[in-house]
Amino acid sequence: MRNYWSVLFDSIFKMPYREGVLVRLYYFWQETFTSAAKSCIAAAWFALLLYMVPGAFLARYFLFFLISLLFVAVLLRPKTKFLTLKNAVIAPVTAGEEAVLSVDVFSEKAYAALSLEVFRLDDSLKRANPLDSFFSIGASDYQQFSIKIKTEKRGLFLLKKTAVLLKDPIGLVNSAVIYQDVLELVVYPKAVRIGSFSFLLNGVSGRDFSLLLRPFMERGMDFKGVRPYREGDSLRDVDYRAFARHLKPFTKEFGVEMGGGLVLVLDLRFDRWRDKVYFESAISLTAGIAFWLLERQVLDRFFINDQEIDLKGREKRFLILQALAKIETPRLKSKEAPKKWEPAAIPMGPVFAVCLKKNHSKWIKKQIVLHSETIEHDSVMYWNPSPDDEVFL
């Protein structure tokens, strides 16, 4: 049973697009003061209340001490002109994995305790090692330091403020050396593993797909090369010379003549907010189907709604993951109303679609519509997403 209320609240309560005065004050509070300073300020407010009580002399002395301590900490803030940050890099990861942010630090003088921090992170991103982030650097030294960031969901996240922090001798106030550029963290969706895909070949609508997959299911005559052994490969195709050379099993690949490739469409248009609960599941399922098709070398074109994703120039797998990661999550409904899928260029191969609402396009031969119940017809499967890592369609 899916929690529709959590989806609704997540759609409404978001950080404002424009940073107002209160948001900027919150950033100043989080980025300037250490945990010890925040405790002192909270104690100062309590002492200020006791200041009103007649005869509470200790509270007055304590308040004066705290204010003086913060004032001295501000005066003793270390200078940041001796530090330079360069070459900050963060590699793409899959949702649920830890991303590693590394930055080169050059220092003209020695520092005993520095920390690398990333402020203003999205709610789904967390520091993996917040208590183990201090490092030292010598005079005229050049070192690379890194931190880990936990990810929960896919998306394109902007790291607007990456900084190295220097603390004052008392340990209350931070001085920040800010990296000037904005970093992009690409978090790929976690693809669902397709255990079997019989729906693609079933019925009259599956004939075109079965003809396309015939070269993969049949053994051809033209030798193409060798690849690592996969479970289910025929023993007669094992390359024993490669096995003896690398001590790992390899399988010979033989090809046959193939026709046009398959077209995969992800239609994320919907008009009811409750359909949003299937939004991320549709993306994960599409990633899994794309990988299944790529393994069989039959995926030719890929569309998100009516926009075609260019799969030329790099490995198709990463181009598809990057396109899926950059899909913006709508709040209550998609920006574009549901409509028939109409590509700019007529598809030459059979079209398979993953939709949030049934698409009545004449080009789509088969489609999976994410729904609360699993019902299979000849050309349409209404599929209820499961939390399992492997699905059977």
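If you're wondering where the values come from, they're calculated on a predicted model, not measured in any experiment.

Asks: Even after reading the chapter, I still don't get the overall build of the chain, so can you show me in this structure?
Replies: On a plain count of helices and strands, the chain comes out with 8 helices and 22 strands. Relative to its 393 residues, the chain shows a buried fraction of 42%. Considering only intrachain contacts with a sequence separation of at least 6, the fraction spanning at least 24 residues in the chain is 67%. Counting every atom, the chain has about 23,000 Å² of accessible surface; 57% of that belongs to carbon and sulfur.

Asks: Looking at this model, I keep getting lost on helix H2 (residues 21-32). Mind explaining?
Replies: In an α-helix, one turn spans 3.6 residues, which is why side chains three or four residues apart end up on the same side. Spanning 12 residues, H2 covers 16 Å between terminal C-alpha atoms, matching the ideal 16 Å at 1.5 Å per step. Among the residues making up H2, those that are buried are Val-23, Tyr-27, Glu-31 and Thr-32. Along the axis of H2, the buried positions cluster into a sector of 140°, meaning they face one direction only. The outward face of H2, more than 90 degrees from its buried face, is lined by the exposed residues Val-21, Leu-22 and Leu-25.

Asks: Hey, could you run me through the nonpolar core in this one?
Replies: Across soluble globular proteins, nonpolar side chains show a tendency to be buried alongside one another. Within the largest apolar cluster, 44 residues are counted, with the highest numbers of intra-cluster contacts made by Phe-197, Ile-289, Phe-352, Ile-368 and Leu-393. Broken down by secondary-structure element, the contributors of at least two residues to this core are helix H5 (207-217), strand S15 (262-267), helix H7 (279-295), strand S16 (299-304), helix H8 (316-325), strand S18 (351-355), strand S19 (364-370) and strand S21 (380-383). The biggest single contributor to this core is H7, with 9 residues. If near-sequence neighbours (up to four positions away) are discounted, Phe-352 is found in contact with Phe-197, Phe-199, Leu-200, Phe-209, Leu-262, Val-263, Leu-264, Val-265, Ile-289, Lys-366, Gln-367 and Ile-368.

Asks: Just to check I follow, could you spell out the sheet that holds S16 for this structure?
Replies: Backbone-to-backbone hydrogen bonds pair the strands of a sheet. The strands run either parallel or antiparallel. Taken in spatial order, the 7 strands of this open sheet run S17-S16-S15-S18-S19-S21-S20, and their pairing is mixed. The two strands at the open ends of the sheet, each matched to only one other strand, are strand S17 (307-309) and strand S20 (375-376). Bridging between S20 and S21 involves 2 bridges; their strand directions are antiparallel. Bridge assignment links Glu-376 to a residue of S21, and that residue is Met-381. Set on the sheet, H7 makes contact with S15, S16, S18, S19 and S21; between it and S15 the angle comes to about 170°. Against the sheet, H8 touches S15, S16 and S17, its axis set at about 10° to S16.

Asks: Can you walk me through the pairing of strand S6 (residues 134-137) in this structure?
Replies: Every second residue of S6 is oriented toward a common face, the buried set being Phe-135 and Ile-137 and the non-buried set Phe-134 and Ser-136. As paired strands, strand S4 (residues 111-119) and S6 are joined by 3 bridges and run antiparallel to one another. From the neighbouring strand, Tyr-111 faces S6, where its bridge partner is Ile-137.

Asks: Can you walk me through the confidence of the model for the chain in this structure?
Replies: Low-pLDDT stretches of the model should not have their predicted coordinates read in fine detail. Mean pLDDT over the chain works out to 78, with 86% of the residues at or above the 70 mark. Within the chain, the lowest mean pLDDT, 47, falls on helix H1 (residues 4-12), and the highest, 90, falls on strand S2 (residues 93-94). Here residues 1-13 is a poorly scored stretch, pLDDT under 50, and it has 17 contacts once near neighbours within four places are set aside; other chains count. Across residues 216-220 the pLDDT falls below 50, and counting only partners more than four positions away or on other chains, this stretch makes 12 contacts in the model.

Asks: Any chance you could explain a nonpolar patch on the surface here in plain terms?
Replies: On the surface, Phe-71, Val-72, Leu-75, Leu-76 and Ile-170 cluster together into a nonpolar patch covering about 460 Å² of accessible area. For Val-72, the location among the structural elements is in helix H4 (residues 57-75).

Definitions and cut-offs
Residues numbered from 1 in each chain as written. Predicted model: local features only at pLDDT ≥ 70, side-chain atom pairs only at ≥ 80, totals over all residues. Heavy atoms only, no water. Helix = DSSP H or I, 4+ residues; strand = E, 2+ residues; numbered from the N terminus. Buried < 20%, exposed > 50% of the residue type's maximum accessible area, 1.4 Å probe, protein only. Contact = heavy atoms within 4.5 Å. Areas by Shrake-Rupley, 256 points an atom, 1.4 Å probe, with all protein chains shown as cover. Expected span 1.5 Å × (residues − 1). Arc of directions from axis to C-beta. Core = buried A, V, L, I, M, F, W, Y, C linked by side-chain atoms within 4.5 Å. Pairing = 2+ DSSP bridges. Axes fitted to C-alpha atoms, helices over the stretch in contact; angles between N-to-C directions. pLDDT = per-residue confidence, 0-100. Patch = residues over 30% accessible without salt bridge, like charges linked within 9 Å, V, L, I, M, F, W, Y side chains within 5 Å. Salt bridge = Lys/Arg side-chain N within 4 Å of Asp/Glu carboxyl O.

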